[in-house]
Amino acid sequence: MPSTSVVTISRHINDQERRHPDATGAFSNLLYDLALAAKIVSREVNQAGLFDLLGSAGETNVQGETVQKLDQFAHEVIYKAMDHAGHLCCMASEECEDIIAIPDRFPIGEYVLLFDPLDGSSNIDINVSIGTIFSIHRKISSGERGTLEDCLQRGTEQLAAGYVLYGSSTMLVYTTGMGVHGFTLDPSIGEFLLSHPDIRIPDPGARLYSVNEAYRDRWSDEQRRLVDHMKGTGRYSARYIGSLVADFHRTLLRGGIFMYPADSKSPEGKLRLLYEAAPMAMLAREAGGRASDGVRDILDIEPQSLHQRTPLFVGSAPLVDLAERFLAGTSEI
Ligand code: P6P
């Protein structure tokens, strides 16, 4: 017999809504629609190799990266699931240079959705886990329709954050500020079932560090000293999947630290603040960890542009603290 009752994500969202006295149901409906989109993307990701969806679509996105066919599919699925229900005033996607307006024929809502439709897409063709990342804010601009101002909000203002991990199983992990909860998709019934309630980053947890060491020569001396310190203790193991959602998910469940530092080639780092680092930072905080750009908390960064990049150090709080000390050159080796 299962050790816990069978809770669908819809039931869980309803239960969370009841704990918000001013909830109107619109926010819950927004999360339902996201879960629906996740199921559709999961179906295609899991069958991509069968339908020749792999490989690039031959175009490049605003990041100048080759767009994989599944990137486009995931973007379209999320956009079409979210554009008409009246929850959103605007959206922003890694796949679109500018903010995405809600079509005139649809009602405007009070929320903002920022998303990376399919992160880690370079791993699609080799069947390594990939993911969708999302961040939800409340509309703050005065006009009827959403604006860039509504998208450029600090991570501390997020109402919800989460990701979908398309791996050996498909999981949806989210927080609305009341803990982090993981759901595993049962494809036989098409339901996300609560499998990881109240996730907490183990502390100290596994001493795992995760960084692409091929870039060592591009790092700062402080970054090199940090990684050399971890290696020198003989107590760490290295893990690096090269897919943010997969590397983050392991860090969330096992502990350790994931790092994508700035380097001489990427002086601002590679990862995007609004729809990659900030949602991961909210999840990490809610799970008892933290996230930094190496100097300050990711959640405190005031965004300046939609696709701005940031260095990211996220995971067990003591290890993120340690990284900050090394990068400041103040840590005793
Ligand atoms: P690198 C995948 O392309 C991605 O955007 C993230 O998912 C991942 O963490 C990072 O890039 C990997 O980058 O430079 O190590 O290949």
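Because the structure is a prediction, the values reported are computed rather than measured. (Residues numbered from 1 in each chain as written. Predicted model: local features only at pLDDT ≥ 70, side-chain atom pairs only at ≥ 80, totals over all residues. Heavy atoms only, no water.)

Turning next to the pattern of salt bridges. Counting across every chain of the model gives 18 salt bridges. Here Glu222 ties to Arg225 by a salt bridge, and the two come within 3.9 Å at their closest N and O atoms. Of the two residues, Glu222 and Arg225 are both situated in helix H5 (residues 221-233); the distance of three residues between them amounts to about one turn of the helix. Here Asp247 makes a salt bridge to Arg250, at a shortest N to O gap of 2.9 Å. Taken as a pair, Asp247 and Arg250 lie in helix H6 (residues 244-254) at a separation of three residues, close to a single helical turn. Residue classification places Asp247 among the buried residues on the basis of a relative accessible area of 1%. (Salt bridge = Lys/Arg side-chain N within 4 Å of Asp/Glu carboxyl O. Helix = DSSP H or I, 4+ residues; strand = E, 2+ residues; numbered from the N terminus. Buried < 20%, exposed > 50% of the residue type's maximum accessible area, 1.4 Å probe, protein only.)

Moving on: the site of the ligand. Taken together, the neighbourhood of the ligand is formed by Asp119, Gly120, Ser122, Asn212, Tyr215, Tyr240, Gly242, Ser243, Leu244, Phe258, Tyr260 and Lys270. Asp119 is positioned such that a nitrogen or oxygen atom in its side chain is 2.5 Å from an oxygen atom of the ligand. Tyr240 is positioned with one of its side-chain polar atoms (N or O) 2.5 Å from an oxygen atom of the ligand. In the complex, the protein chains occlude 83% of the 400 Å² of accessible area that the ligand would expose alone. Classifying every residue of the shell around the ligand by side-chain character gives five nonpolar, five polar and two charged. (Near = heavy atom within 4 Å. Polar contact = N/O pair within 3.5 Å; in protein donor to acceptor, adjacent residues only side chain to side chain. Areas by Shrake-Rupley, 256 points an atom, 1.4 Å probe, with all protein chains shown as cover. Nonpolar A, V, L, I, M, F, W, Y, C, P; charged D, E, K, R; others polar.)

Once that is clear, we can look at the sheet that holds strand E13 (residues 257-260). Spatial strand order, E12-E11-E13-E15-E14: five strands in an open sheet with mixed pairing. Across the chains shown, the open sheet's two edge strands, defined by having one partner strand only, are strand E12 (237-238) and strand E14 (290-292). Sheet topology note: the strand E11 (residues 208-210)/E13 ladder contains two bridges and is parallel. Bridge pairing links Tyr209 to Ile257 in E13. Lying over the sheet, helix H8 (residues 317-327) contacts E13, E14 and strand E15 (312-315), oriented at roughly 20° with respect to E14. (Pairing = 2+ DSSP bridges. Contact = heavy atoms within 4.5 Å. Axes fitted to C-alpha atoms, helices over the stretch in contact; angles between N-to-C directions.)

Burial analysis of strand E5 (residues 111-119) places nine of its nine residues in the buried class, which makes it a mostly covered element. Relative to E5, strand E3 (residues 88-93) runs parallel, the two sharing five bridges. Each residue of the ladder has a partner; that of Ser93, found in E5, is Phe115. Inspection of the sheet shows E5 paired to strand E6 (residues 130-138) by seven bridges, in the antiparallel sense. By the bridge assignment, Leu114 is partnered in E6 with Ser135.

To continue, consider the packing of aromatic side chains. Aromatic ring pairs are described here by two measures, namely the spacing of the ring centres and the angle between the planes. Applying the stated criterion across every chain, the model contains six aromatic pairs. In this arrangement the basic side chain of Arg218 is found over the ring face of Tyr215, its NZ or CZ atom lying 4.0 Å from the centre. (Phe/Tyr/Trp six-rings, centres within 6.5 Å; stacked < 30°, edge-to-face > 60°. Lys NZ or Arg CZ within 6 Å of the ring centre and 35° of its normal.)

A regular strand places its side chains on the two faces of the sheet in alternate fashion. Where burial is concerned, the two faces of E15 agree: the one with Leu312 and Val314 and the one with Phe313 and Gly315 are both buried. Note that E13 and E15 share four bridges and pair antiparallel. Bridging from a neighbouring strand, Phe258 pairs with Val314 of E15.

On to the sheet that holds strand E10 (residues 191-196), then. Taking strand neighbours across the sheet as the criterion, the eight strands line up as E4-E3-E5-E6-E7-E8-E9-E10 in an open arrangement whose pairing is mixed. Two strands close off the open sheet at either side, each with one partner strand: strand E4 (100-101) and E10. Looking at chain direction, strand E8 (residues 170-175) and strand E9 (residues 180-186) are connected through five bridges and run antiparallel. What sits directly across from Met171, in E9, is Thr184. Against the sheet, H6 makes contact with E5, E6, strand E7 (160-166), E8, E9 and E10, and its axis sits at roughly 110° relative to E7, the strand it touches most.

Below, the discussion takes up the side chain of Ser243. For Ser243, the location among the structural elements is in the loop between E12 and H6. Other than its neighbours up to four places away in sequence, Ser243 contacts Asp119, Gly120, Asn123, Ser129 and Ile130.

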